[in-house]
Number of protein chains: 2
Amino acid sequence: MKCTILTVGTEILFGSITNTNAVYLSRQLNALGIDVMYHMTCGDNPGRLKELLAYAYEDCDMVITTGGLGPTEDDLTKENIAEFFGERNVLWEDQLEVLRKHFPGDMPKNNLKQAYFPENNCTILKNPNGTAPGFMIEKNGRIIASLPGPPKEMQPMFENELRPLLLARQDSVLRYKNIRTFGIGESQLEMELLDIIDAQTDPTLATYASSFETTLRIASKRRTAEEADAAIEETLAKVRERIGQYIYSEDGEDLGCVVLDMMRERGLRLSAAESCTGGAFGKSVTDIPGSSDVFDRSLVTYSWDAKMQELGVKRETLERFGAESDEVAMEMADGLYRASGSDVCVSVTGFAGPGGGTEDKPVGTFFVGLRYQGITRSFRFMTKRANRARVREYAAVEMMRTVYKALTGRL
Amino acid sequence: MKCTILTVGTEILFGSITNTNAVYLSRQLNALGIDVMYHMTCGDNPGRLKELLAYAYEDCDMVITTGGLGPTEDDLTKENIAEFFGERNVLWEDQLEVLRKHFPGDMPKNNLKQAYFPENNCTILKNPNGTAPGFMIEKNGRIIASLPGPPKEMQPMFENELRPLLLARQDSVLRYKNIRTFGIGESQLEMELLDIIDAQTDPTLATYASSFETTLRIASKRRTAEEADAAIEETLAKVRERIGQYIYSEDGEDLGCVVLDMMRERGLRLSAAESCTGGAFGKSVTDIPGSSDVFDRSLVTYSWDAKMQELGVKRETLERFGAESDEVAMEMADGLYRASGSDVCVSVTGFAGPGGGTEDKPVGTFFVGLRYQGITRSFRFMTKRANRARVREYAAVEMMRTVYKALTGRL
């Protein structure tokens, strides 16, 4: 199957927002074995949308659109698609019922159009996260699926509604495993596995660099899921021999989940003391449902006063070594232990930029402190990607890695 | 002038990288008053690239490409463009000289093609940041500019080489303002302004829904920036009359920045006590460079113990009303004030889900506490979008809104 991803939205042509929907859908479709031939974006303009559809179907048998399903006058995607396919939009009473439930009081009049869909050949894609349902039309060998623009609505709709429909029409089964690693770069990882990668056509191996780590994807397309899984397992055994020490998950799990599971099993409690991350570590831990079993608190001590009052960091230490130092990171971890009594106490302090930093400790330098099993240590990190958001994100990641290494005896 | 941005690169169709070039170029071109009609992406495939060019020129008089100017075999953009325009690529001796300087020793043979350019109608766009120069062809009323893919090469080339060439041919200027609001939905906002929206061709008004708020964009294209600004201001005055009470920024600024600026100006300090948000509020504040002037600390008290120890919340209150209650939110704010002495102390506690919640307080219910000017209050919120990430994000947003309302006397 060949597919075009067609994004509708003037705000994308203005550069006001980034087209992350095309990225998400490309990954998902490629994973299903569907070839993405084009990304196209146009504004909310009837003529252009229909012309792009005509163009796309010269090469492709499927188009997925995102955007333009909202209630306002310039949301025209649904009307244009119906017209292109020679269908008529009519009121779907059951969808009107669903829609009304979104509004505590009276439904604004212009939302009514969100209950209109093509009369024939149309499957509704449910949207529990917003007022705009999606839909799929299949007609004359052409498929179109239309999803809402906001990623928080679009992604669950793809996952839960559209993906199963697409999966059902593939005559082979694609299975894959995402092997997550840290401590090894993408090109290094590829070199370690090059002969395996080159020798194999199925399973295929592909590496992806994402935020501060590398994922290896092993995929197999076979007649049955069992055959595919067995093939993947055989390749995975070879991969483990080569790069086993870098692998932290063989089923795509986040490091935070891996760490929380280990701690939950061992009955351990986790607390954090954050400075430069400003709460990002606490947020990343509590993003995980059920984290309250393990996570006790995070003391975000941004000012000197806060560090002294909440964590008992000594003014002398702050003055002598600076707030961004091994010494302060360790005092933060110790103070956190006194306050919380948690089994694992992790801390961070550093220069996220854009201001700050010294000659010895340029922006991008940070210190992770850890108190575990009665021992307090500190580790220095540096990233040259001296962009505030990235330094902060990276610091939160290294806090979690430090905890992981401690728990697995690799510190 | 009407323009298509054409991105060449298979890695984008795989979803391996995000097309940030289209975002950057869209902003830059719109700022020059050039209409961006389409974004298009295809792989490194000769046939498809030429077909897309033909398609683009039906509507547009300019195409800007990025990518495919590298030295490897699959970098074909330059060859395809020359062919499309009926030009012949020849060796430019002066470009060969420039190219050689990039290599300390011998130049790899396959880089030679980077010194080939169309013989006629071609202007070279210099690239001090890489080996691939760009170029512009102007022929038969059609313009094409071809830029390299890496943003660090593409952006300076646009800024220093292409922008001046484009600026010279513009006879109008596009200016715009993003008016940010909260407390009013997109369809409601559109209804309030419908007659203005319908009556005007310039300035144009468009609404955008983003995370929990609505932005109104007022744009004007006139002969000079002064004329455009005056036209925008005139429309904005009418908009203010209708929906003034919902506007928090008239220049697209985030609410957090608006709040921090107000507090900085008044010499106020901010602290937070977080439960269900797990640090997300602290993170959102400290995402803003320079927040340390205003932000003191956030105490992320996830467990009962943490709430009692760090904030002096009474066990009795927790037992009687539950940790997720107005009473606990207020005790958290008061305890935070005792610990920090900050002028504005904001707290939050609630049910983010997926577990938890009661009949009275379903998942999605949270309480924001605020101590300001000696008075402590609590506000109850509820979102039916009962997805953990969204509840948490929304709670952090409502904390900031509560602070904003207090500072502007709207609580």
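Residues numbered from 1 in each chain as written. Chains lettered and ligands numbered in written order. Predicted model: local features only at pLDDT ≥ 70, side-chain atom pairs only at ≥ 80, totals over all residues. Heavy atoms only, no water.

Student: Looking at this structure, I do not really get the side chain of Glu398 of chain A. What am I missing?
Tutor: Residue and element names in this part refer to chain A. Structurally, the position occupied by Glu398 is in helix H15 (residues 388-407). Within the structure, Glu398 has its side chain in polar contact with the side chain of Arg401 (distance 3.4 Å). Among all residues touching Glu398, those that are not within four sequence positions of it are Phe366, Val368 and Phe381. (Helix = DSSP H or I, 4+ residues; strand = E, 2+ residues; numbered from the N terminus. Polar contact = N/O pair within 3.5 Å; in protein donor to acceptor, adjacent residues only side chain to side chain. Contact = heavy atoms within 4.5 Å.)

Student: Any chance you could explain the layout of surface pockets here in plain terms?
Tutor: Unfilled space is identified by rolling a water-sized probe across the atoms. One number sums up the size of the second largest pocket: a volume of about 460 Å³. At three residues, the largest contribution of residues to the lining of the second largest pocket is made by helix H1 (residues 10-13) of chain B. (1 Å grid on protein atoms, 1.4 Å probe; cavity = no way out; pocket = protein on both sides within 12 Å on 5 of 7 lines; lining within 4 Å. Points joined across faces, edges and corners; volume = space filled by probe spheres on them.)

Student: What is the right way to read the interface of chain B and chain A from this model?
Tutor: A common way to express how large an interface is: the accessible area buried when the components associate. Taken together, the contact pairs 70 residues of chain B with 66 residues of chain A. Overall, the association of chain B and chain A removes approximately 5,500 Å² of surface from exposure, summing both partners, and the carbon and sulfur fraction of that is 50%. The tally of links from chain B across to chain A stands at seven salt bridges. Here Asp59 of chain A ties to Arg48 of chain B by a salt bridge, and the two come within 3.8 Å at their closest N and O atoms. Applying the counting criterion to the chain B and chain A interface returns 34 residue pairs in polar contact (both at pLDDT 80 or more). Of the residues that constitute the side of chain B that touches chain A, the class distribution is 26 nonpolar, 23 polar and 21 charged. Where strand E14 (residues 295-301) of chain A lies against strand E14 (residues 295-301) of chain B, five bridges are found, and the strand directions are antiparallel. Its bridge partner lying in E14 of chain B, Thr301 of chain A is registered against Arg297 of chain B. (Buried area = accessible area lost by both parts, 1.4 Å probe. Salt bridge = Lys/Arg side-chain N within 4 Å of Asp/Glu carboxyl O. Nonpolar A, V, L, I, M, F, W, Y, C, P; charged D, E, K, R; others polar. Pairing = 2+ DSSP bridges.)

Student: So what exactly am I meant to see when it comes to the domain arrangement of chain A here?
Tutor: Domain boundaries assigned for chain A yield domain 1 (2-167), domain 2 (173-249) and domain 3 (256-407). For domain 1 of chain A versus domain 3 of chain A, the separation of C-alpha centres amounts to 43 Å. (Domains from an automatic or database assignment.)

Student: Is there a simple way to think about the packing of helix H7 (residues 186-199) of chain B against helix H8 (residues 225-243) of chain B in this case?
Tutor: Packed helices, taken two at a time, are described by the angle their axes make and the gap between the axes. Residue and element names in this part refer to chain B. Closest axis-to-axis distance for the H7/H8 pair is 10 Å, and the angle between their directions is 140°. With respect to H8, the axis of H7 lies oblique. Crossing of H7 over H8 shows right-handed handedness. Facing Leu189, Glu192, Leu193, Asp195 and Ile196 of H7, the residues of H8 in contact are Thr235, Lys238, Val239, Arg242 and Ile243. Residue composition of the contact of H7 with H8, grouped by class: five nonpolar, one polar and four charged. (Axes fitted to C-alpha atoms, helices over the stretch in contact; angles between N-to-C directions. Parallel < 35°, antiparallel > 145°, perpendicular 65-115°, else oblique. Left-handed = near helix turned anticlockwise from the far one by under 90°.)

Student: What is the right way to look at the packing of aromatic side chains in this model?
Tutor: Aromatic ring pairs are reported here in terms of the distance separating the ring centres and the angle at which the planes meet. Residue and element names in this part refer to chain B. Following the criterion strictly, the structure yields 29 aromatic pairs over all chains and no others. Plain terms: the ring middles of Phe84 and Phe85 are 5.5 Å apart, the flat faces sit at 70° to each other, and that makes the pair edge-to-face. A relative accessible area of 22% means that Phe84 is categorised as partly exposed. The exposure class assigned to Phe85 is buried, which follows from its relative accessible area of 8%. (Phe/Tyr/Trp six-rings, centres within 6.5 Å; stacked < 30°, edge-to-face > 60°. Buried < 20%, exposed > 50% of the residue type's maximum accessible area, 1.4 Å probe, protein only.)

Student: Explain helix H6 (residues 151-167) of chain B to me, please; I cannot follow it from the model alone.
Tutor: Residues spaced three or four apart along an α-helix point in a common direction, a consequence of the helix completing one turn every 3.6 residues. Residue and element names in this part refer to chain B. Over its 17 residues, H6 extends only 21 Å from the first C-alpha to the last, a length that falls short of the 24 Å expected when each residue adds 1.5 Å. A maximum bend of about 45° is found in H6 at Phe158. Listed in full, the buried residues belonging to H6 are Glu153, Met154, Met157, Phe158, Leu162 and Leu166. Where H6 is buried, its residues meet helix H2 (20-31), strand E3 (62-66), strand E6 (122-125), strand E7 (134-139) and strand E8 (142-147). (Expected span 1.5 Å × (residues − 1). Bend = angle between axes of the 7 residues up to and from the residue.)

Student: How should I be thinking about the confidence of the model for chain A in this particular structure?
Tutor: Any region with low pLDDT has predicted coordinates that should not be read closely. When pLDDT is averaged along chain A, the result is 93, and 100% of the positions lie at 70 or above. In the predicted complex, the global pTM is 0.76; the interface-specific ipTM is 0.73. (pLDDT = per-residue confidence, 0-100.)

Student: I'm lost on the pattern of salt bridges in this one. Help?
Tutor: Under the definition given, this model contains 48 salt bridges over all chains. Where Arg264 of chain A meets Asp293 of chain A, a salt bridge forms, and the shortest distance between an N and an O atom there is 3.0 Å. Note that Arg264 of chain A is positioned in helix H10 (residues 255-266) and Asp293 of chain A in the loop between helix H11 (280-286) and E14, a separation of 29 residues in sequence. Classification of Asp293 of chain A as partly exposed rests on a relative accessible area of 45%. With its nearest N and O atoms 3.1 Å apart, the salt bridge here joins Lys139 of chain B to Glu87 of chain B. In this pair, Lys139 of chain B sits in strand E7 while Glu87 of chain B sits in the loop between helix H4 (77-84) and strand E4 (89-91), placing the two residues 52 residues apart along the sequence. The exposure class assigned to Lys139 of chain B is partly exposed, which follows from its relative accessible area of 21%.

Student: Is there a simple way to think about the pairing of strand E10 (residues 204-210) of chain A in this case?
Tutor: Side-chain positions along a regular strand alternate between the two faces of the sheet. All names here are of chain A. In terms of strand pairing, E10 meets strand E11 (residues 213-222) through seven bridges, oriented antiparallel. Considered in E11, the bridge of Thr204 is made with Ala219. Between the antiparallel neighbours E10 and E11 lie two residues, among them Phe212 with a positive phi of about 65°.

Student: In this structure, what is going on with the sheet that holds strand E11 (residues 213-222) of chain B? I would like to understand it.
Tutor: Two orientations exist for strands paired in a sheet by backbone hydrogen bonds: parallel and antiparallel. Residues and elements named next belong to chain B. The strand order across the open sheet built from four strands is E10-E11-E9-E12, with neighbouring strands paired in antiparallel fashion. Looking at which strands have only one partner, the edges of the open sheet turn out to be strand E10 (204-210) and strand E12 (247-249). Going across the sheet, the axis of each strand differs from the next one's by a mean of 35°, ignoring polarity. Note: strand E9 (residues 173-181) against E12, two bridges, orientation antiparallel. Bridging from a neighbouring strand, Arg180 pairs with Ser249 of E12. In the packing of H8 onto the sheet, contacts are made with E9, E10, E11 and E12, and the angle to E11 comes to roughly 145°.

Student: Is there a simple way to think about the nonpolar core in this case?
Tutor: A general tendency of soluble globular proteins is for nonpolar side chains to be buried together. Membership of the largest hydrophobic core comes to 83 residues, with the highest contact counts inside it found for Leu270 of chain A together with Leu270 of chain B. Discounting chain neighbours no more than four positions away, the residues touching Leu270 of chain B are Leu260, Met263, Phe281, Val285, Val294, Phe295, Asp296, Arg297, Ser342, Val344, Val346 and Val403 of chain B. If you look at the next biggest cluster of nonpolar residues, it comprises 52 residues, including Ala132 of chain A together with Leu6, Tyr55 and Phe85 of chain B. (Core = buried A, V, L, I, M, F, W, Y, C linked by side-chain atoms within 4.5 Å.)

Student: In this structure, what is going on with helix H3 (residues 46-59) of chain A? I would like to understand it.
Tutor: Three or more residues of H3 of chain A are buried, namely Leu49, Leu52, Leu53, Tyr55, Ala56 and Tyr57 of chain A. Structurally, the start of H3 of chain A carries an N-cap: the backbone nitrogen of Gly47 of chain A is 3.0 Å from a side-chain oxygen of Asn45 of chain A.

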